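The chain contents come next:
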Amino acid sequence: ELMCEVIRIPKGAEVLDLCTGTGAIAMKAAQLGASRVVAIDLNPEAVKSALLNAEKLILTQIEVLEGSLFEPVKDSTFDVIIINPPYINHIANDKTEICFWDEDNSVTRQFFSEYKTYLRPNGKVYLAWGDFADVGMLQNLASEHNVQLKLLGSKTTPDGQEKFLAYELQKK
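Residues numbered from 1 in each chain as written. Predicted model: local features only at pLDDT ≥ 70, side-chain atom pairs only at ≥ 80, totals over all residues. Heavy atoms only, no water.

Our next topic: unusual backbone geometry. The phi dihedral of Ile58 is positive, around 55°, even though this residue is not glycine. Along the chain, Ile58 falls in the loop between α3 (44–56) and β3 (62–66). Here the phi dihedral of Asp104 falls at roughly 60°; this positive angle occurs in a residue that is not glycine. Here Asp104 lies in the loop between β4 (78–83) and α4 (106–118). (Helix = DSSP H or I, 4+ residues; strand = E, 2+ residues; numbered from the N terminus.)

Below is the structure:
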């Protein structure tokens, strides 16, 4: 929900939505004017859900693929890349848990190592996170990869216990 509120998609942009889940962010990108949106998730049930949601909304510019991060789009580049990775450093035992848990935050670490290869010049990168996860690790990764995290917005859960964060990665 938060990421859908803060992303800015140029008309005609090609967008990559990683860890798409239900596809909500991909659909918002399409509605904001993206000419092509590729939504990727490792969980086959998430892929089915995102496909169904895109079909219901008749958003034909969305392509939903099953795979790990950039693997399904090896030879492509994008104007905008968005990721909502699993936040918590914990071993995932099945394809449902991978939506929330990620041992050693390997998905986020791999993302930081690879995203520049798939980003067009002057492209934008958005990343979702939670204050209940390791924000310091995220800041260190940004520093190691010569980018800064610009906080675009935050939302506190109804119980007031946790806060979701939306960042744009910007060159230093």
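With that settled, the discussion passes to the sheet that holds strand β5 (residues 119–130). The sheet built from seven strands is open, its strands ordered β3-β2-β1-β4-β5-β7-β6 with mixed pairing. The open sheet is flanked by β3 and β6 (147–156), the only strands paired with a single partner. Sheet twist, expressed as the average angle between the axes of neighbouring strands with direction ignored, equals 20°. Of the pairings in the sheet, the one linking strand β1 (residues 14–18) to strand β2 (residues 36–41) comprises five bridges and is parallel in character. Residue pairing across strands places Glu14 opposite Arg36, the latter belonging to β2. Strands in contact with α4 are β1, β4, β5, β6 and β7 (163–171); relative to β5, the strand with the most contacts, it is inclined by about 165°. (Pairing = 2+ DSSP bridges. Axes fitted to C-alpha atoms, helices over the stretch in contact; angles between N-to-C directions. Contact = heavy atoms within 4.5 Å.)

Our next topic: the packing of α4 against helix α5 (residues 135–144). Two numbers describe how α4 lies on α5: the axes approach to 10 Å, and their chain directions differ by 20°. If you check the angle between α4 and α5, you find them roughly parallel. Here α4 runs over α5; the crossing is right-handed. Residues Thr108, Arg109 and Phe112 of α4 form the contact with α5, whose own contacting residues are Met137, Leu138, Leu141 and Ala142. Looking at side-chain class alone, the contact of α4 with α5 contains five nonpolar, one polar and one charged residues. (Parallel < 35°, antiparallel > 145°, perpendicular 65-115°, else oblique. Left-handed = near helix turned anticlockwise from the far one by under 90°. Nonpolar A, V, L, I, M, F, W, Y, C, P; charged D, E, K, R; others polar.)

Bridge count between β5 and β7: six bridges; the pairing is antiparallel. Each residue of the ladder has a partner; that of Leu127, found in β7, is Tyr167. Of the pairings in the sheet, the one linking β6 to β7 comprises nine bridges and is antiparallel in character. The residue of β7 that forms the bridge with Thr156 is Lys163. Two successive antiparallel strands, β6 and β7, enclose a turn made up of six residues, where Gly160 displays a positive phi of approximately 75°.

Locating Lys163 in the fold gives a position in strand β7. The class for Lys163 is partly exposed, based on a relative accessible area of 31%. Taking C-alpha positions, Lys163 is 23 Å from Ala46, a pair spaced 117 residues apart along the chain. The residues touching Lys163, leaving out its near neighbours within four places in the chain, are Trp129, Gly130, Asp131, Phe132, Ser154, Lys155 and Thr156. (Buried < 20%, exposed > 50% of the residue type's maximum accessible area, 1.4 Å probe, protein only.)

Generally speaking, soluble globular proteins have nonpolar side chains that are buried together. If you look at the biggest cluster of nonpolar residues, it comprises 56 residues, and the most contacted ones within it are Phe70, Phe111 and Phe112. The leading source of residues in this core is β5, at six residues. In contact with Phe111, not counting residues within four places along its chain, are Leu18, Leu69, Phe70, Ile81, Ile83, Val125, Leu127 and Leu169. (Core = buried A, V, L, I, M, F, W, Y, C linked by side-chain atoms within 4.5 Å.)

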